Each structure stands twice: as C-alpha cells, then as structure tokens.
Amino acid sequence: MDYPSGTPTGTVDAPGAVTSPTAAAVAASLPAHAASQPRGDTKLVDQAQPPPQSKHNQGLSPGKQVLQQPQGAGATAARGSPHSHAVAGLTAQTSGGKSSAMAATVSPADANLGLHIANRLVEVGCTTCFAVPGDFNLLLLDQLLKQPELSLVWCCNELNAGYAADGYARKRGVGCLCVTFCVGGFSALNAVAGAYSEDLPLIVISGGPNSQDHASNRILHHTTGANEYGQQLRAFREVTCCQVVIQHIEDAHMLLDTAISEAMLKRKPVYIEVACNLADLTHPSFARPPVPYALASSHTNAASLEAAVEAAVEWLGAGVKPLLLAGVRTRPPRARQAMLALAAASRYPVAVMPDAKAMFPEDHPQYVGMYWGPVSTPCVCEVVESSDIVVCVGGVWTDYSTAGYSLLLKPEKMLRVDTNRVTLGSGPTFGCIVMADFLEALAARVTPNDTGHVIYKRMALPPSEPPPQGEGELLRTNVLFKHIQHMLTPSTSLISEVGDSWFNTLKLRLPAGCEYELQMRYGSIGWSVGAVLGYGVAERQTAPDRRLVACIGDGSFQMTAQEVSTMLRYGLDPIIFLINNGGYTIEVEIHDGPYNVIKNWDYTGMVRALHNGQGKLWTAEARTEPELQAAIAEALKRRGELCFIMVVTHRDDCSKELLEWGSRVAAANSRKPPSAGQGGGH
C-alpha cells in the first residue's frame, strides 16, 4: 500500500495473508499463559538523574530511584521455561483471566488511540516497549506512558532498540519498538530484518506524518525529499509480514488488531504507522474492553495427517538406525514438548542444529550433541550422516548452518517436518499439517529403535578441558570458555555474539534450565548488545533470580556499545565478557585483509564513562588465567551490578571449528560463474 493520491487510507498490506482483513479484525490475540495468570511483572523504573538545571531544561522531572520487585503469585508464574508468554495455544480469553488493563470500561475522556495501543500490547504479553523519541511519535509516547503495566525503555538509538525488542521477544514471545518517521524507522530497519529472518514477532510502531499532510503536496522534514510519504512503508514491506497505516481514527481499532494478529500467527514482525495527530484522539471503539477473541490459528487436515503418519511409520519401521535432528523452528513451546514426546517414544538419538541449541534439553539421556557438518560435536557428524533416516524437525538450511553447503546429509535420507508440511525423502509431501500435531501423532505410533544411540555411546568419549596455563602466559580462548562452562547453572542465560563466540559457546554443555540465544541466520555483528538489554529486561520482569552472561567480541561491541548505558540506567546486572583480540576474527578466517583490524579502545574506561556515577557497575580486566578466575569469582558475588570483564587474547587465537568453518564458507563465497575464465565465447 502506497501513499499517492487516490489510495484509500487506513488500509492493510499483508503479503501472503490467508485471512481477510475483516476476519482478522474480528480475531485478536492473547497468549494462553498470559490470559490465565495474574500479572506480576517487575516494573522497570528509570534510574537516570536529570541534568543540572538551566534555562533550557527547567521543568524536567527527576528519574525514579528504585526497581520495584514483583509481588504475589504472579511474580513467579512466568518463571521456568523460556518464551513463557509465547503463543503456545491460542485460546479465547476467559473472564477470570483478564489483565487489569482490560478489567473495566475506560472513561470516554481517556479512550484514545495511544492508550488503546498500550492496552493491546499488555494484553498479548508485551509489557515493555523499547523506544527512541522523535517529533512524529512524541504524542503517541505520552499516551503509552499512561498504561501502568507497560514499561517504556528509552534506548540510545533505533537500531539498538530493535535489537532489544528482538532479545525481549526471544524470552517473552513478542517484542515492541516505537520510533519516529524515516530517520527513526530506517535506522531500525536492520534489526527488524534480523527479527524477520529469525521468526520473531515484533510490533514496530512508527509515528507518521499528520493525516492532513498526505494530500498537501508538501515536502516534510525527516523524509527523503519526496512529496509523498510512503518511502518508509515500502522499505518495511521487505521485512514485515503485515503493514498498516492509521490515518483515520475510525479504522484504527480494526487495523491495529489485524497487525498484531498477523505478528502472533506468523511469528514475524509487523509495521504499524500512526499519524502524529491521532494518538490522543478518542473513539467509541476504544471505550470498552476489547471483545475477547482467539486467533484463527493454523489447522491440520486430518486426512493429510493420517496419510503422513502412516507413511512415516512404515518408512521408519524399515529403518536400521534412525535419528532425530531438531532445528530452529522448534522454538514454540508446543513444538518443544512434542519433540520430547517423540524422543521418549522412539528412543532415537537426538542431535540439534547449531541455531537450535538449548531448544532440546542437553541433559536428556538421548541427546548426543550438535550437528554442524565438519564442525559438529565429536562423533555427532558421523552418527548423523551414517544414519539411514534422519527425522529433521524445523530445520533451516543456510550456508552458515551447513558450513558452506558442505554437509554430506542427503535429502533422500531425510524425513523433513516443517511448520506446515511433512516430506518423506525425495518422495511425497503432505501439506496442511501443523508440526506439533504430526510429532504428537507420530509419537503415539512409532516403534522404538535405539540402535543409533547405542552406536553413538560406543564412540563417544567423556568431555575434556584444557590444562591450566603457565604463570604469566597470555590467556587462551579455550581456557576462557573452560571457566565460562564452570559458571553455567540452571538459572543462567547465555547470549553469544556473532563471531568466534558462536563456536566456543556452542561447544558448552548447558545444564538443565540454562537458556541460550544467538542470531545465526541473519548474523548481524553488534546484535548481542541490544539483545542483552531486551532479554535482561524480560528476565528482570518475569524471572529476576536468573543471571545473564554475554560473550561479545570487541569489533561487535564497537558497533552498539551505547546500550550498556541503557542497561545501567534500568539497573540490569548481566556479566559481559568483552573479548579483546583486536579485530573481526570470524571475517579474518573467511577472508583476511587490513579492514579486519580495528582501533583498540579502553573498553573498561569507556564503560565507566557511560556509567558516570549512575547505576551500579563493576569492571575488571583479565590477561591471564588467574586474573580471569578472580574476576569471575567476584562477578558472581555482585548481584544487582552490571559486571564488565575485558579479557585479552591473541589476535590469531580462535577455535579450530572457526578455522574449518571459515575455510568452507570462504570456498562457497568464492565460487565463480560457470562461464568465468572460458573467454566468454559461444
């Protein structure tokens, strides 16, 4: 949907949508868990202090000083498994489970569009919005602040706000960011693209031009200089599954519900643009609590399911050593439970793809490790690629996850279970089948076969770790991660930045309850700093006893370092390992050059400058193993403080897996066209 004259305003642009806008408007979304539990989120409070009084800032209010802790039963209701607010089964809201935001009719004087948006966010379980103010969204932000259950986190820039919403969505099931028009939206675009690639529901709210400006033939500030204002909308079409533009208050209720429904159904970002003059307008559709509704979620065709299960049981029954392989699209909670049920019933060994780490419990007796071709967990590549049938559930095959397309796993040996279809080898495909429905039905009929697991146990060796380093020896990367392994507990959440941290953290064995996140499919360097902010906010709200640990390279940190300031501002207490090796190590191993060397920073000094006396910060530097041990021991004692540990390693010190993977990805990148070097003749 473009803005030129003649286009109806208040319209929906949802490429590939299977439901009509009218039908979608009738349905609204509410995660079942969020509907059935009283809310007990910790309310984040801004700890920032006002600047000194001057004639330019008179009237600014001081920030609040404390973090309010959750009270009552709802405080612990969401603890436990990740994504507790994700859509695990979309059911109608019951009268006994309404959010307090929906509990009573809103006064007509307060029933405005902005407050209605805030209420809807709270209703679907998104109780934080990451925002950067700008003149097109200021009035909207005023209204969002009126919803007491919605926290607004003020980020340093829109890109980081998008990364934070991404991290928040990984924990809570849905995230939100609010930006201004064009200069804000275009800045956030890269982060939203990453969420789209990673199948994360993000609600992107942008202030837009005054609704009266669209026919004015005027050029607006912040735009690209055209006299029509659809440039940001067109950009977001590429990275969102649904786009709505609210230019008429009468359409707002329907358009908002349509967009949020699409985000929850398709697990993708959506774009909502709100004209800057509408946010405080009232309308009768906002004055009553929204009608409880359920999403028209995907349904399985019973005949197709029966045929698929029948064919799968027959094929698997003839197999000698089948194996289960979990992919990243097993993230939804119901899919995870169905995987556990199938593993228990089949007794097959279970491996995971690298981007699915932690989506199957690593303490499970049938878990064998990570399959990543030549850089797999020891013995896992051999077991997977020698299996005669691999049941791959939710796998996404990219050049990164296949180590430059070098896997020896053949499609004809795979039973592929995707989000809505099942394919047996190179043969038949059965459509209209929800992943979890197929897994549950197969678990009820599969014949147990533990041959593959027995073979793995014969080959597998107990894990080993590097010996202690010599006195004064520069810290080695493998020794660093040996000690990070010892830090992990059931209440740890681990976030890994793009780079060698991937390969080192993927080798760690996660105890039961330990959570793990990385961004492999999109692989945007710098993602983790904002993601730590968002994930940390989500944990502080729902599981404040957990501790977040992040492994971030120096090159990545330089891209998004400002958001450490926001972590301090809101009292978050992650332990951040800044790995200082002088450059982009992952790119060195793919293709080296002078562009992979970066300017060294005084990283601890910079973080202290961001602190500036506000918030709680502890920093340390470690260049040897004893210094690292002392720093970790101290950081673990300092709950409630952001702990920043800079570790220094040699520029060429990286994992052997990165060396192998980098060479294979480089080979894939450097393939020449078939006609190259043949003279170009006919």
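Placed above this text is the structure.
Everything numeric here is computed off the predicted structure, so don't read it as measured data.

The rules behind each value
Residues numbered from 1 in each chain as written. Predicted model: local features only at pLDDT ≥ 70, side-chain atom pairs only at ≥ 80, totals over all residues. Heavy atoms only, no water. Helix = DSSP H or I, 4+ residues; strand = E, 2+ residues; numbered from the N terminus. Buried < 20%, exposed > 50% of the residue type's maximum accessible area, 1.4 Å probe, protein only. Contact = heavy atoms within 4.5 Å. Areas by Shrake-Rupley, 256 points an atom, 1.4 Å probe, with all protein chains shown as cover. Polar contact = N/O pair within 3.5 Å; in protein donor to acceptor, adjacent residues only side chain to side chain. Pairing = 2+ DSSP bridges. Axes fitted to C-alpha atoms, helices over the stretch in contact; angles between N-to-C directions. Expected span 1.5 Å × (residues − 1). Arc of directions from axis to C-beta. Core = buried A, V, L, I, M, F, W, Y, C linked by side-chain atoms within 4.5 Å. Domains from an automatic or database assignment. Salt bridge = Lys/Arg side-chain N within 4 Å of Asp/Glu carboxyl O. Parallel < 35°, antiparallel > 145°, perpendicular 65-115°, else oblique. Left-handed = near helix turned anticlockwise from the far one by under 90°. Nonpolar A, V, L, I, M, F, W, Y, C, P; charged D, E, K, R; others polar.

Caption draft 1: Structural detail: the overall build of the protein. Counting its regular elements, the protein contains 24 helices and 20 strands. Looking at the protein as a whole, 59% of its 682 residues are labelled buried. Restricting to contacts in the protein with at least 6 residues of sequence separation, those with at least 24 account for 77%. Element-wise, carbon and sulfur atoms account for 55% of the exposed surface of the protein, whose accessible area totals about 26,300 Å².

Caption draft 2: Molecular detail of the side chain of Q541. By the element assignment, Q541 lies in helix 18 (residues 527–542). Taking the relative accessible area as the measure of exposure, Q541 reaches 1% and is therefore buried. Engagement of the side chain of Q541 in a polar contact is seen with the side chain of R172, the distance being 3.0 Å.

Caption draft 3: Focus on the sheet that holds strand 17 (residues 547–553). Spatial strand order, 16-15-17-18-20-19: six strands in an open sheet with parallel pairing. A strand with exactly one partner marks an edge of an open sheet, and here the two such strands are strand 16 (515–517) and strand 19 (617–622). Neighbouring strand axes in the sheet, compared pairwise and without regard to direction, differ in orientation by 15 degrees on average. Alignment of strand 17 against strand 18 (residues 575–580), held across five bridges, turns out to be parallel. For V549, the partnering residue across the bridge sits in strand 18 and is I575. Running over the sheet, helix 22 (residues 603–611) touches strand 18, strand 19 and strand 20 (642–648) and is turned about 175 degrees from strand 19.

Caption draft 4: Examining helix 11 (residues 302–318) more closely. For helix 11, which comprises 17 residues, the first-to-last C-alpha distance of 25 Å matches the rise-based estimate of 24 Å (1.5 Å per residue) to within 8%. Those residues of helix 11 that fall on the buried side of the exposure criterion are S304, L305, A308, V309, A312 and L316. Along the axis of helix 11, the buried residues cluster in a sector spanning 125 degrees; they form a single face. Among the exposed residues of helix 11, those pointing more than 90 degrees away from its buried face are A303, E314, G317 and A318. The backbone nitrogen of A303 lies 3.0 Å from a side-chain oxygen of the residue at the head of helix 11, namely N301.

Caption draft 5: Seen up close, the sheet that holds strand 9 (residues 350–352). Here we have seven strands laid out as an open sheet, ordered 10-9-8-11-12-13-14, and mixed in their pairing. With partners counted over all chains shown, the strands left at the sheet margins are strand 10 (367–370) and strand 14 (429–431), one partner each. Recorded for the sheet is a direction-independent mean angle of 15 degrees between the axes of neighbouring strands. Where strand 12 (residues 414–417) and strand 13 (residues 421–424) come together, three bridges link them in antiparallel fashion. Looking at strand 13, one finds that L415 is bridged to L424. Seen against the sheet, helix 12 (residues 333–346) touches strand 8 (323–326), strand 9 and strand 11 (390–393) and runs at an angle of roughly 165 degrees to strand 8.

Caption draft 6: Just the nonpolar core, in detail. Grouped together as the largest cluster of nonpolar side chains are 96 residues, with contacts concentrated most on F130, F557 and F644. The dominant element in this core, judged by the number of residues it contributes, is helix 18, at eight residues. Both domain 1 (113–286) and domain 3 (477–665) contribute no fewer than three residues apiece to this core. Setting aside residues no more than four positions away along its own chain, F644 makes contact with F557, I576, L578, Y603, T604, V607, L617, W618, T619 and A620. Counting 79 residues, the second largest nonpolar core, distinct from the first, contains V328, F481, L510 and V549.

Caption draft 7: Just the pattern of salt bridges, in detail. As enumerated under the stated definition, the model contains 29 salt bridges in all. One salt bridge connects E473 with R476, and the closest N-O pair in it is separated by 3.0 Å. According to the relative accessible area criterion, E473 is partly exposed, its value standing at 32%. Relative accessible area serves as the criterion here: at 25%, R476 is assigned to the partly exposed category.

Caption draft 8: Region of the structure containing the packing of helix 6 (residues 158–172) against helix 18. Following both chains from N to C, one finds helix 6 and helix 18 inclined at 45 degrees, their axes separated by 6 Å at the closest point. As far as their axial angle goes, helix 18 and helix 6 are oblique. Remark: the crossing between helix 6 and helix 18 carries right-handed chirality. For the pair helix 6 and helix 18, the contacting residues are N160, Y163, A164, D166, G167, Y168, R170, K171 and R172 in the first and W527, G530, A531, L533, G534, Y535, V537, A538, E539, Q541 and T542 in the second.

Caption draft 9: The packing of helix 11 against helix 14 (residues 435–445), seen in detail. Contact pair helix 11 / helix 14: the axes reach a minimum separation of 10 Å and the direction vectors enclose 50 degrees. By the angle between their axes, helix 11 is oblique relative to helix 14. In this structure, helix 11 meets helix 14 at a crossing whose hand is right-handed. In this structure, helix 11 uses L305, E306, A308, V309, E310, A312, V313 and L316 to contact helix 14, whose residues at the interface are D437, F438, A441, L442 and R445. Counted by class, the contact of helix 11 with helix 14 contains nine nonpolar, no polar and four charged residues.

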